[in-house]
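Overview (structure and organization)
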Amino acid sequence: DLQDVTAIDPAHWRSVLQAEVDGLFHCVKHALPPMREGHFGRIVAVGIRGASAQNGLPLDFGLGKSARNDLIRALASREMANGITCNVVAPSHTPRLTMKQAVEAAKHAGIWKRRTHSLSQDTAEAVRFLCSPEAAFVTGSIIELGESGV
């Protein structure tokens, strides 16, 4: 049971946090120098809706996502002066799609029209917006993509 901290294997705990936090750290560490040099950049992490509230997530996984959110927010306040924005897109659970469904969703047809929760296409469109000139002053945000009625 990953909700009970006493039941979590320490090696599993480290591997989850390493994947969630260290992976983002290493990407950002290497991406920032050329972004700073060019005085422009967009860092967008993909998280999960409700990570900071845990919302039934396994403890280690939710903590890792929350730490990523905190890292992005800390970077945002430091990097805006360098022309770099830092944000998180946090979708709710997204179902796996067939190739046909994914193509339909990209065209805003089929499953996309009938959706009751965010799809991977919604995540992609939020990331695209955050990378656009229109989002030049959006930074330090966690954009949660929800479900109908939520």
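Structure report, in brief. (Residues numbered from 1 in each chain as written. Predicted model: local features only at pLDDT ≥ 70, side-chain atom pairs only at ≥ 80, totals over all residues. Heavy atoms only, no water.)

What follows concerns helix H5 (residues 120-130). Residues of H5 that are buried: Gln121, Asp122, Thr123, Glu125, Ala126 and Leu130. Tucked into the core, H5 has its buried residues touching strand S1 (41-46), strand S2 (84-91), helix H3 (99-106), helix H4 (111-114) and strand S3 (142-145). (Buried < 20%, exposed > 50% of the residue type's maximum accessible area, 1.4 Å probe, protein only. Helix = DSSP H or I, 4+ residues; strand = E, 2+ residues; numbered from the N terminus. Contact = heavy atoms within 4.5 Å.)

Turning our eyes to something else, we now look at the pattern of salt bridges. This model, assessed by the stated rule, comprises four salt bridges. Arg68 is the salt-bridge partner of Glu20, the closest N and O atoms lying 3.1 Å from each other. Residue Glu20 is found in helix H1 (residues 10-38), and its partner Arg68 is found in helix H2 (residues 59-79); the two are separated by 48 residues along the sequence. Three or more residues joined by partner-sharing salt bridges are found here, namely Glu20, Lys65 and Arg68. (Salt bridge = Lys/Arg side-chain N within 4 Å of Asp/Glu carboxyl O.)

What follows concerns the packing of H1 against H2. One way to put it is that H1 packs onto H2 with a least axis distance of 8 Å and a crossing angle of 20 degrees. Between H1 and H2, the angle falls in the class roughly parallel. H1 and H2 meet at a crossing whose hand is right-handed. Residues His12, Trp13, Val16, Leu17, Glu20, Val21, Leu24, Phe25, Val28, Leu32 and Arg36 of H1 lie in contact with H2, whose contacting residues are Leu59, Asp60, Phe61, Leu63, Gly64, Lys65, Ala67, Arg68, Leu71, Ile72, Leu75 and Glu79. (Axes fitted to C-alpha atoms, helices over the stretch in contact; angles between N-to-C directions. Parallel < 35°, antiparallel > 145°, perpendicular 65-115°, else oblique. Left-handed = near helix turned anticlockwise from the far one by under 90°.)

By themselves, these are just geometric observations and shouldn't be taken as functional.
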